[in-house]
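# Observations on the three-dimensional arrangement
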Amino acid sequence: MKQVKESSLNRAWKPDNKGWVFEGFPKTREQAFRLQAAGIAPEHVVLLDAPDTVLIERNLGKRIDPVTGDVYHTSFDWPSSEHVEKRLVEADGIWESETVAGLLEYQRNLKGLESTYSTVSRVINADQPSIDVFSQVLTFVLSRHRSVAPHTPRILLHGPPGSGKSLQAALIAQKYNIVNICCGQVLKAVAADETSQGELIKPGLETGQQVPDSTVLKILTERLSRLDCTTRGWVLHGCPRNLEQAEKLNSAGFTPNRVFFLDMPDEVAVERVTFRMTDPVTGQRYHSLYKAAPSQQIQDRLQVNPRDSAESLQRRLDLYRTNLPELQELYSDAIYVNADQDPHAIFELLESHIVNRLPKPLSHRWTPSPSD
């Protein structure tokens, strides 16, 4: 499977860039989910469509200028320069058998991509003059999407370390065009700014100390008050961590209308968190059990985040379990999800509760056991 270089993704996703265009990627639903997990979510996805016979004919006539990399065609776009014409070479994979194999592979993966990007994609007929295709693509790209959720979503994901909150938030934000609010990332963004508030919290973040609740809530409520959050909705994770934070968020007017507790046994969290490592060169994450480094050279330079040590994780789990009962009492209509399963199965379950009405409150609220 074709991999995306981490450095390329980082360049594409820098907030000071004007934007980016991916061509021919992702090719599969799995690759699309990996992009989303990395925080790469396109606002517009264009699916160019044409009959197979047309595509085969176009491919057969494709020629490449090896000097400039420009693409020409024997019927539609031949170079005016005889010098350029003489150096043209056939493109790789243009023969009919190769094109047919590529088309079959594309069709096998198309439904998965259409499902993943259903709210932000459009199919455009490519069997027409290129200027018409460009005009339709430009019109679509300049349009703005509205959330397809039946209300303004205000979603809270709560769960222990390693339960997959960040991944599920990215998937939900992509599917419903809402704002992904990770409390930790919001704090880091403020710390990176040369403001008095940023300078105030920067030392604490660098040393791993707890930022005061009053400061966290001030920064978080300011972010939730922005126009994108109030008009499109949001999915929040990483806060509130305790009852006091939750009550202050509610008092500030940021009460979630969907709350999910991602539940799993502590031993699963230990397995997921303590075995993960990061490549300091590329930023790529690896896991000793699930995703080993592809070479010994990379393995030798991997680093473990101090927060992921067994001792640090156990303290975080103990704190989470201590605060959990009060949060469960406050969010009495919360939905409980077994986080010890395939991420895509979890997403489908979350999605079913996002688009459907909340169930009526039960007289006896179910509390999941670790084996559920």
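## Description of the packing of aromatic side chains
- With the rule as written, the count across this model stands at two aromatic pairs.
- On the numbers, 4.8 Å between centres and 35° between planes, the contact of Trp20 with Phe22 is tilted.
- Here the aromatic rings of Phe261 and Tyr336 are separated by 5.2 Å at their centres, their planes lie at 15°, and the arrangement is stacked. One end of the pair, Phe261, is in strand E9 (residues 258–263); the other, Tyr336, is in strand E12 (residues 335–338), with 75 residues separating them in the sequence.
- Residue Phe261 is classed as buried on the basis of its relative accessible area, which comes to 2%.
- Here the basic side chain of Lys291 rests over the ring of Tyr286, its NZ or CZ set 5.5 Å away from the ring centre.

## Details of the pattern of salt bridges
- Inspection of every chain in the model, using the stated rule, returns 14 salt bridges.
- Among the ionic pairs, Asp263 bridges to Arg321, the shortest N-O distance being 4.0 Å. One end of the pair, Asp263, is in strand E9; the other, Arg321, is in helix H15 (residues 310–330), with 58 residues separating them in the sequence.
- Note on Arg321: relative accessible area 27%, which makes it partly exposed.
- Across the pair Arg276 and Asp308 runs a salt bridge, and its minimum N-O distance is 3.1 Å. Taken together, the residues Arg276 in strand E10 (residues 276–278) and Asp308 in the loop between helix H14 (296–301) and H15 connect sequence positions 32 residues apart.
- Among the residues examined, Asp308 registers a relative accessible area of 6% and is labelled buried.

Reading guide: rules and limits
Residues numbered from 1 in each chain as written. Predicted model: local features only at pLDDT ≥ 70, side-chain atom pairs only at ≥ 80, totals over all residues. Heavy atoms only, no water. Phe/Tyr/Trp six-rings, centres within 6.5 Å; stacked < 30°, edge-to-face > 60°. Helix = DSSP H or I, 4+ residues; strand = E, 2+ residues; numbered from the N terminus. Buried < 20%, exposed > 50% of the residue type's maximum accessible area, 1.4 Å probe, protein only. Lys NZ or Arg CZ within 6 Å of the ring centre and 35° of its normal. Salt bridge = Lys/Arg side-chain N within 4 Å of Asp/Glu carboxyl O.

Worth remembering: the numbers are spatial, not functional.
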